[in-house]
Amino acid sequence: MTNETKTATSIKRSSISTEKGCRTNRSMMQFPTKLYLILDSGLFSGVVDWFPHGRAFRVIDNDQFMKCVAPRFFKQTSIRSFNRQLNLWGFKR
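If you're wondering where the values come from, they're calculated on a predicted model, not measured in any experiment. (Residues numbered from 1 in each chain as written. Predicted model: local features only at pLDDT ≥ 70, side-chain atom pairs only at ≥ 80, totals over all residues. Heavy atoms only, no water.)

Quick look at the overall build of the chain now. Along its length, the chain carries four helices and four strands. Going residue by residue from the N terminus, the α and β elements of the chain occur as α-β-β-α-β-β-α-α. By the burial criterion, 26% of the 93 residues in the chain qualify as buried. Taking the intrachain contacts of the chain between residues at least 6 apart in sequence as the baseline, contacts between residues at least 24 apart amount to 36%. When the accessible surface of the chain is split by element, carbon and sulfur atoms take 50% of a total near 6,600 Å². (Helix = DSSP H or I, 4+ residues; strand = E, 2+ residues; numbered from the N terminus. Buried < 20%, exposed > 50% of the residue type's maximum accessible area, 1.4 Å probe, protein only. Contact = heavy atoms within 4.5 Å. Areas by Shrake-Rupley, 256 points an atom, 1.4 Å probe, with all protein chains shown as cover.)

This is how it looks when you write it as structure tokens:
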């Protein structure tokens, strides 16, 4: 198992504290939080990354994103579904 795989798995499986002090599994986290953790980790920077100013992100390679990143963290199975999810959460182009 590579370092990238270990860290990606730890992002997915580790637990965090919520506002109420309860413990929750990260797989139960909401979409924007998962997305932020993926971007902030830098593990997939060749596939999805922040713009230099840090106020927006981009999916660099749609195919790799849907093949390697999305199945680990999201329920979406196509880039169109992922884009719809972004729109539902108020993300803008």
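The next thing to look at is the side chain of Q76. Relative to the helices and strands, Q76 is located in the loop between α3 (62-73) and α4 (79-88). A polar atom in the side chain of Q76 sits 3.2 Å from the side chain of Q85. Each residue touching Q76, except ones within four places of it in the same chain, is listed here: F31, M66, A70, S81, F82 and Q85. (Polar contact = N/O pair within 3.5 Å; in protein donor to acceptor, adjacent residues only side chain to side chain.)

Within the span of α3, buried status applies to F65, M66, V69, A70 and F73. Relative to the axis of α3, the buried residues are bounded by an arc of 130 degrees and lie together on one face. Exposed residues on α3 whose side chains face more than 90 degrees from its buried face are D63, K67 and P71. Where α3 starts, the residue carrying a side-chain oxygen 3.2 Å from the main-chain nitrogen of D63 turns out to be D61. (Arc of directions from axis to C-beta.)

Here the focus is the nonpolar core. With 16 residues, the main nonpolar core has L35, F65 and F74 as its most contacted residues. Those elements giving two or more residues to this core turn out to be α2 (31-41), α3 and α4. When residues of this core are assigned to their parent elements, the largest contribution, five residues, is made by α3. In this structure F65 touches V47, V48, V59, A70, P71, F74, I79 and F82, once residues within four positions along its chain are discounted. (Core = buried A, V, L, I, M, F, W, Y, C linked by side-chain atoms within 4.5 Å.)

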